[in-house]
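The chain contents come next:
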Amino acid sequence: MSSSTSVRTARRRTVRVAAAALIAAAGLTLTACAGSDAADARSAGRTNTSSAPAESTASGWSGLQSTGAKADVLGKQSGGAHAAKGGKAASPVRTQRLADGISKAEIYQLGDQHYRAKIVARGSVLATLETKGHDDGLDANDMFVTLTLDGQVHSWMGGGHQGPGTFKLAGGWTAKVTKVGELRYRAQIIGHDGVAATLETNQHDVGLDANGIYIVLSSGGVISAHA
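These figures come from a predicted structure and were not determined experimentally. (Residues numbered from 1 in each chain as written. Predicted model: local features only at pLDDT ≥ 70, side-chain atom pairs only at ≥ 80, totals over all residues. Heavy atoms only, no water.)

1. Quick look at the pairing of strand 7 (residues 153-157)
- In this structure, strand 6 (residues 143-147) lies alongside strand 7, joined through 5 bridges in antiparallel fashion. Its bridge partner lying in strand 7, Thr146 is registered against His154.
- Connecting strand 6 to the next strand, strand 7, in antiparallel fashion are 5 residues, including Gly151 with a positive phi near 85°. (Pairing = 2+ DSSP bridges. Helix = DSSP H or I, 4+ residues; strand = E, 2+ residues; numbered from the N terminus.)

2. Quick look at the pattern of salt bridges
- Counting across every chain of the model gives 3 salt bridges.
- We note a salt bridge from Glu130 to Arg116, for which the minimum N-O separation is 3.0 Å. Here Glu130, found in strand 4 (residues 124-130), pairs with Arg116, found in strand 3 (residues 114-121); they are 14 residues apart in sequence, far enough to count as distant.
- Here Arg116 falls in the buried class, since its relative accessible area comes to 6%.
- Arg184 is the salt-bridge partner of Glu200, the closest N and O atoms lying 2.6 Å from each other. Of this pair, Glu200 sits in strand 12 (residues 194-200) while Arg184 sits in strand 11 (residues 184-191), and the two are 16 residues apart along the sequence.
- Given a relative accessible area of 7%, Glu200 falls into the buried group.
- One continuous salt-bridge network, built from bridges that share partners, spans Arg184, Arg186 and Glu200. (Salt bridge = Lys/Arg side-chain N within 4 Å of Asp/Glu carboxyl O. Buried < 20%, exposed > 50% of the residue type's maximum accessible area, 1.4 Å probe, protein only.)

3. Quick notes on the environment of Leu126
- Inspection of the secondary structure puts Leu126 in strand 4.
- Leu126 sits in the buried class, given a relative accessible area of 6%.
- Placed 14 residues apart in sequence, Leu126 and Ala140 show a C-alpha to C-alpha distance of 9.5 Å.

Just distances and angles here, no functional claims.
See below:
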């Protein structure tokens, strides 16, 4: 091989080595940037997660379940737990103190005849009622609460009757309570003209506004009414 040929070959090798070095350097730079971006994303994810508030359950309310179509329905008369179109009311239309003197109801309007009431005590959300085509109700350790289609909350203490059985209620109503399964009771609300309404629990409480008489039937078969 001539000396000129050797020089050209050496130059080609030098160019190839330099090109490979540049590609490797570029690869290291891209890897470093990607790692930095991923670390930033992980950091942001941790920050967002830690800032999300958690709802706790206060002592004495641990057996309560929130309402909704996703298996947290309080009963047959209950509506969906999610706001219309997946949205959520930003702030309550009003806040109302309940009969126990400790808890309060935060009432949100989600749509036409669609309301949600969060039962809150000492900063914790203890239960949720929601109307979506029907009234809703709750037996909260002998405090009874109803939420009506027009967003009105009514609460009272005591006055419960343990079913099965037939009981006289406020407003001249009669309730015939029968057990139809585990944590499942049915109450026929009977007036002067016969059966006016039927309440049925399916592991969750239910409520009803019967012409200004507020009725709650619990999943344990307790029925109470209040004017």
